[in-house]
Amino acid sequence: MTVTVPIEFNQEIIEELVQLTKQKIEEEEAQQPKTKELPPYPTRKQLKQQLKIGDTRLNNWIDHGLKVIPFGKETRFDREDVKLYLDSLKI
């Protein structure tokens, strides 16, 4: 024996679900690291913050070929060089 129960949602519940879903998607997008948001020539600090890495990892990448731009007392990076280097790490 099979019993079928139709499920009906009123419009208010549907609208609330849509709003909660949109809000959750926006929150998730805001938390995702995006190299697109890096300035064209980020500093070490900006790069580490955006990619959520530390000095050790960044220094390792530099030792293994990530190009740097000496800029006065700072070290800067070309955003496109960073993307190319990260692409080269793909397996």
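Okay, so let's go over this structure.

So, how was this worked out
- Positions within a chain are numbered from 1, following the residues in the order the chain's sequence is written.
- Reporting in this predicted model follows two pLDDT cut-offs: at least 70 for local features of residues, and 80 or more for side-chain atom pairs to be given and counted; totals over whole chains, interfaces and linings ignore these cut-offs and use all residues.
- Values shown for side chains rest on all heavy atoms present in the structure; no hydrogens or waters enter the calculation.
- Secondary structure elements follow DSSP: runs of H or I no shorter than four residues count as helices, runs of E no shorter than two count as strands, and numbering proceeds from the N terminus.
- Based on C-alpha atoms, the radius of gyration is set beside the globule rule, defined as 2.2 Å times the residue count to the power 0.38.
- Exposure classes here rest on a 1.4 Å probe applied to the protein chains alone. A residue is buried below 20% of its type maximum, exposed above 50%, and partly exposed in between.
- Two residues qualify as a contact provided that any one of their heavy atoms is within 4.5 Å of a heavy atom in the partner residue.
- Working definition of a nonpolar core: buried Ala, Val, Leu, Ile, Met, Phe, Trp, Tyr and Cys residues. They are joined through side-chain atoms within 4.5 Å.
- Axis definition: a line fitted to C-alpha atoms, over the contacting stretch in the case of helices. Angles run 0 to 180 degrees between N-to-C directions.
- Under this scheme an angle from 65 to 115 degrees is roughly perpendicular, one under 35 degrees roughly parallel, and one over 145 degrees roughly antiparallel; angles in between are oblique.
- Handedness of a crossing is defined here by the sense of rotation of the near helix relative to the far one, left-handed for an anticlockwise turn of less than a right angle and right-handed for a clockwise turn.
- Here, a salt bridge means any side-chain nitrogen of Lys or Arg that lies within 4 Å of a carboxyl oxygen of Asp or Glu.

1. Remarks on the overall build of the protein
Within the protein, the secondary structure is distributed over 4 helices and 2 strands. For 91 residues, the compact-globule estimate of 2.2 N^0.38 gives 12 Å, and the C-alpha radius of gyration of the protein, at 23 Å, exceeds that figure by more than 25%. In terms of its C-alpha atoms, the protein occupies a principal-axis envelope of roughly 75 × 30 × 20 Å. By the burial criterion, 15% of the 91 residues in the protein qualify as buried. Sequence-distant contacts in the protein: of pairs separated by 6 or more residues, those separated by 24 or more amount to 43%.

2. So, the nonpolar core
In this structure, Leu 38, Leu 47, Ile 53, Leu 58, Trp 61, Leu 66, Phe 77, Val 82 and Tyr 85 together form the largest nonpolar core, which totals 9 residues. Going through the elements one at a time, α3 (55–63) and α4 (79–88) are the ones with two or more residues in this core. Not counting the four nearest positions on each side in its chain, Leu 66 is found in contact with Leu 58, Trp 61, Phe 77, Asp 81, Val 82 and Tyr 85.

3. Observations regarding the packing of helix α2 (residues 44–51) against α3
Relative orientation of the contacting elements α2 and α3 amounts to 110 degrees, with a least axis distance of 10 Å. In terms of orientation, α2 lies roughly perpendicular with respect to α3. Here α2 runs over α3; the crossing is right-handed. Taken together, the residues of α3 that come into contact with α2 (itself represented by Arg 44, Leu 47, Lys 48 and Leu 51) are Asp 55, Leu 58, Asn 59, Trp 61 and Ile 62.

4. Details of unusual backbone geometry
Even without being a glycine, Lys 52 presents a positive backbone phi close to 55 degrees. Mapped onto the fold, Lys 52 is located in the loop between α2 and α3. Classification of Lys 52 as exposed rests on a relative accessible area of 63%.

5. Focus: the pattern of salt bridges
Tallying each qualifying case throughout the model produces 5 salt bridges. For Lys 83, the salt bridge is made with Glu 80, and the minimal N-O distance between the two is 3.9 Å. A residue pair is termed a helical-turn pair when its members lie 3 or 4 positions apart in one helix, as Lys 83 and Glu 80 do in helix α4 at 3 residues. A residue is classified by how much of its surface remains accessible, and Lys 83, at 28% relative accessible area, is partly exposed. Overall, the relative accessible area of 42% leaves Glu 80 in the partly exposed class. Put simply, Lys 90 and Asp 87 hold a salt bridge, and the shortest N to O gap is 3.3 Å. Exposure remark for Lys 90: the relative accessible area of 63% places this residue in the exposed category. Its relative accessible area of 44% is what places Asp 87 among the partly exposed residues.

Read these as layout, nothing more, since geometry by itself doesn't imply function.
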